[in-house]
Amino acid sequence: MRHGLPGAAALAAALFVGAAGAADVEAGRQKAAVCAECHGPDGNSSDPAVPSLAGQPAQFLSGQLFFFREEYRREPRMSPAAKALSNSDMNDLAAYFASVKPAPPKHVTTPENEQRGLELTQKFRCVQCHSAGLQGQQHVPRIAGQQPEYLRAQLRGFKQRTRSDIDGYMTQMAQPLSDHEIDVLVDYIAGLRTPSRAAAGGSR
Amino acid sequence: MLTRSIALALVSAACAANAQDKPAASPPPSWQQGKPPAMSESTLHPFAIEMTGKAAKDLPIDKLKAPAGFKVEVWAEGMPGARSMAQGDKGTVFVGTRQLKDVYAVVDRGGKREAKVLLKGLDAPNGLVFNKGTLYVAERHRITRYDGIENQLDNPPQAKVVVDNLDPNKQPGHFWKFLAMGPDGKLYFNIGAPGNIVMPSYMEASVMRVDPARGVLETVALGVRNSVGMDFHPKTKELWFTNHARDWLSDDSPNDTLHRVSRKGMHFGYPYCHQGDTPDPEFGKNRSCKEFDAPTLKLGAHIAPIGMRFYNGKMFPAEYQNNIFIAMRGSWNRTIKQGYNVMRVVLDDSGKVAKYDPFLTGFLLDEKADPPMWGRPNDVMVMRDGSLLVSDDQNGIIYRVSYAK
């Protein structure tokens, strides 16, 4: 992530927006080398607390990088990491991670949460924004098969109103959730493998 | 739409409990406010802009079409969230944003056009006016002035407050502002409604004006849900503005509207009556549309008219004189999408609408897809040479439409 850039050069890169280059998957792959340390090779994380980026919608990825850089979304490691990135860097990174195939999740949903988790996602109409199979779309992330501790931290953050929220919808949705319901949702969603299973419960 | 939603609701009712059973302790986002239970399964949603912008090279620019004789080209890019535009005396084009905090300046440096961030850290600096060397900026909560800014683009002056405290409740809603300079030397702007369909408080759902010399505020029009585009007729000097109607009633009603202000204090109906003839199912119960002033033109349901300008340039054919161009940023709240174009309104000598036709099209790719478009016209501005600039906040690009015989 261009840690080597001196501060002044980074600032100039941010200020002079100029003509934008086309989003470049290969350039993104090179810029992504430093991301692998936490997010895993190819953006497939093996750390339950760190999200997988592989196969996420490009608009979601570039948007979150922007929110980290501008400190709408604060996170001890990501906010500094995004600081030196230009908009073009973010578009390249987003194009690259969006192009990578997501690995199937290692998490296995406990049998008792299969049905309860499905019912909760229906009750809260998760597919309305997260799309069929909870695969994500546009600025909304794919949550199916995402790392469980990351999902838990986000849902708790939304409930506590400490997680940045583009329009307040997730904050609203998280308010009535009990801690137990959050755990059930996390256990269910983190284990979702194929789009078809969750889609069966969706109304999309 | 209604029937489809009811059908969807019935299908899923058997297996899905209603999220409304448990009262939520947090209000819905303003775009969800007023969504009736019959539409609870609707997957319609507003589209988010590309926060980092998109390069013209990645977009199907060649799809853009204007009438014969007109040429469309990318004029400047790399300005994420580019919305309202204003031109300085020395040719600088200032560009405001809503979801970002920046105001851009597009300058000509040695024959090379360059876009740069001019002002940072503002609160939805959507409204811009340039007048007599001063750039006025309307944020959510205030209007400020930057005197002599075109002489010091690399070191902008400090903001001086024209009027403050325009958003005392800091609530979500339609509080980003458009800004226009009236022939009376006053600044005109909107204060929108605090949600989709809500009883407005004092000063909300209005068009206001402020005398920049004295800071005195006046109400110009009431019952205006969300106007983010206005201009003055070059001959009559009357104020015209666009307005967004409420969502979640149906695919085809109510229409977004174009309004002519022929006297101060007109009331255009919100929240009681929409499009001049459609009582609101809740707020209109004990009111009549006859109490209110009607719009001049119904523009289309959910089509989201933003910037509008009268054409008074010298480049386009004579029949374009005093026409209105309107940038349509929607629609999202209908199952079959429409809009995503720049429309042309032709008025007759009495100011009545004679024609309403598409002028710049091609942003809409598939009216049934999600998303249906690759770009969204946001504002239009007549350049000094008579060409028309069109901003696209989805991608952070400005296009130029020119004419040659």
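About the cut-offs
- Residues numbered from 1 in each chain as written.
- Chains lettered and ligands numbered in written order.
- Predicted model: local features only at pLDDT ≥ 70, side-chain atom pairs only at ≥ 80, totals over all residues.
- Helix = DSSP H or I, 4+ residues; strand = E, 2+ residues; numbered from the N terminus.
- Buried ≥ 20, exposed ≤ 12 C-beta atoms within 10 Å, placed from the backbone.
- Rg over C-alpha atoms; globule rule 2.2 N^0.38 Å.
- Pairing = 2+ DSSP bridges.
- Axes fitted to C-alpha atoms, helices over the stretch in contact; angles between N-to-C directions.
- Core = buried A, V, L, I, M, F, W, Y, C linked by C-beta atoms within 7 Å.
- pLDDT = per-residue confidence, 0-100.
- Contact = placed C-beta atoms within 7 Å.
- Domains from an automatic or database assignment.
- Nonpolar A, V, L, I, M, F, W, Y, C, P; charged D, E, K, R; others polar.
- Parallel < 35°, antiparallel > 145°, perpendicular 65-115°, else oblique.
- Left-handed = near helix turned anticlockwise from the far one by under 90°.

1. As for the overall build of chain A
Move 1: Helix and strand counts for chain A stand at 12 helices and zero strands.
Move 2: If you list the helices and strands of chain A from N to C, you get α-α-α-α-α-α-α-α-α-α-α-α.
Move 3: Per-residue burial for chain A yields a buried fraction of 45% across its 204 residues.

2. Some words on the overall build of chain B
Move 1: Assigned secondary structure in chain B consists of one helix and 27 strands.
Move 2: On C-alpha atoms alone, chain B measures out to a radius of gyration of 21 Å, which is about the 22 Å that the 2.2 N^0.38 rule sets for 405 residues.
Move 3: Taken along the three principal axes of its C-alpha coordinates, chain B extends 70 × 50 × 45 Å.
Move 4: When burial is assessed residue by residue, chain B has 50% of its 405 residues classed as buried.

3. Notes on the sheet that holds strand 4 (residues 103-109) of chain B
Residue and element names in this part refer to chain B.
Move 1: One open sheet holds the four strands; their spatial order is 2-3-4-5, and the pairing between them is antiparallel. Lying at the two open borders of the sheet, with one neighbouring strand each, are strand 2 (85-87) and strand 5 (112-119). With direction set aside, neighbouring strand axes in the sheet form an average angle of 25°.
Move 2: Sheet analysis places strand 3 (residues 93-95) next to strand 4, joined by three bridges and oriented antiparallel. Bridging across to strand 4, valine 95 finds its partner in tyrosine 104.

4. Some details on the nonpolar core
Move 1: With 127 residues, the main nonpolar core has A:Phe97, B:Phe94, B:Leu179, B:Ile326 and B:Val390 as its most contacted residues.
Move 2: Here this core takes seven residues from helix 6 (residues 87-99) of chain A, the largest share from any one element.

5. Some thoughts on the pairing of strand 22 (residues 324-328) of chain B
Move 1: Burial analysis of strand 22 of chain B places five of its five residues in the buried class, the great majority of the element.
Move 2: Burial along strand 22 of chain B is two-sided: B:Ile324, B:Ile326 and B:Met328 and B:Phe325 and B:Ala327, pointing in opposite directions, are all buried.

6. Topic: the confidence of the model for chain B
All names here are of chain B.
Move 1: When pLDDT is averaged along chain B, the result is 93, and 94% of the positions lie at 70 or above.
Move 2: Here residues 1-24 scores under 50 on pLDDT; set against residues more than four positions off or in separate chains, the count is 31 contacts.
Move 3: Across the interfaces of the predicted complex, the ipTM metric reaches 0.87, alongside a pTM of 0.90.

7. Concerning the domain arrangement of chain A
Residues and elements named next belong to chain A.
Move 1: Domain boundaries in chain A define domain 1 (23-99) and domain 2 (111-199).
Move 2: Put simply, the middle of domain 1 and the middle of domain 2, counted by C-alpha atoms, are 21 Å apart.
Move 3: Counting residues at the interface gives 16 residues for domain 1 and 14 residues for domain 2.
Move 4: Within the side of domain 1 that touches domain 2, the residues separate by chemical class into eight nonpolar, six polar and two charged.

8. Observations concerning the environment of B:Phe325
Residue and element names in this part refer to chain B.
Move 1: Assignment of secondary structure puts phenylalanine 325 in strand 22.
Move 2: In the structure, phenylalanine 325 is positioned 33 residues away from proline 358 in sequence and 9.4 Å away in space, judged by C-alpha atoms.
Move 3: With residues near it in sequence (within four places) discarded, phenylalanine 325 still touches Met308, Arg309, Tyr311, Val342, Arg344, Phe359, Val380 and Leu388.

9. Structural notes on the environment of B:Val74
Residues and elements named next belong to chain B.
Move 1: Examined against the element boundaries, valine 74 turns out to sit in strand 1 (residues 70-76).
Move 2: Valine 74 sits in the partly exposed class, given 18 other C-beta atoms within 10 Å.
Move 3: It is 31 Å that separates the C-alpha atoms of valine 74 and valine 353, two residues lying 279 residues apart in sequence.
Move 4: Ignoring sequence-local partners within four residues, the contact set of valine 74 consists of Ala56, Ile61, Ile397 and Tyr399.

10. Points about the packing of helix 9 (residues 148-160) of chain A against helix 11 (residues 179-190) of chain A
Residues and elements named next belong to chain A.
Move 1: Following both chains from N to C, one finds helix 9 and helix 11 inclined at 140°, their axes separated by 9 Å at the closest point. Classed by the angle they form, the pair helix 9 and helix 11 counts as oblique. Relative to helix 11, helix 9 is oriented so that their crossing is right-handed. In this structure, helix 9 uses Pro148, Leu151, Arg152, Leu155 and Arg156 to contact helix 11, whose residues at the interface are Ile182, Leu185, Val186, Asp187, Ile189 and Ala190.

11. A few points about unusual backbone geometry
Move 1: Across the junction of B:Ser253 and B:Pro254, the peptide omega takes the value -10°, indicating a cis bond.
Move 2: Checked against the element boundaries, B:Pro254 lands in the loop between strand 15 (239-243) and strand 16 (255-261).
Move 3: B:Pro271 follows B:Tyr270 through a cis peptide bond whose omega is 0°.
Move 4: Looking at the element boundaries, B:Pro271 is found in the loop between strand 17 (266-267) and strand 18 (273-274).
Move 5: We note that A:Glu71 has phi near 65°; this positive angle belongs to a residue other than glycine.
Move 6: Note that A:Glu71 resides in the loop between helix 4 (58-69) and helix 5 (78-83).
Move 7: Owing to 12 C-beta atoms within 10 Å, A:Glu71 belongs among the exposed residues under this scheme.
Move 8: If you check the backbone angles, A:Leu134 has positive phi at about 55° while not being a glycine.
Move 9: Note on placement: A:Leu134 falls in the loop between helix 8 (127-130) and helix 9.

12. What about the environment of B:Leu187?
Residues and elements named next belong to chain B.
Move 1: Here leucine 187 is to be found in strand 11 (residues 187-191).
Move 2: The class for leucine 187 is buried, based on 24 C-beta atoms found within 10 Å.
Move 3: Taking the C-alpha atoms as reference points, leucine 187 and aspartate 167, separated by 20 residues in sequence, lie 17 Å from one another.
Move 4: Non-local contacts of leucine 187, meaning those with residues more than four positions away in its chain, are made with Val129, Tyr136, Ile143, Val162, Leu179, Met181, Arg209, Val210 and Pro212.

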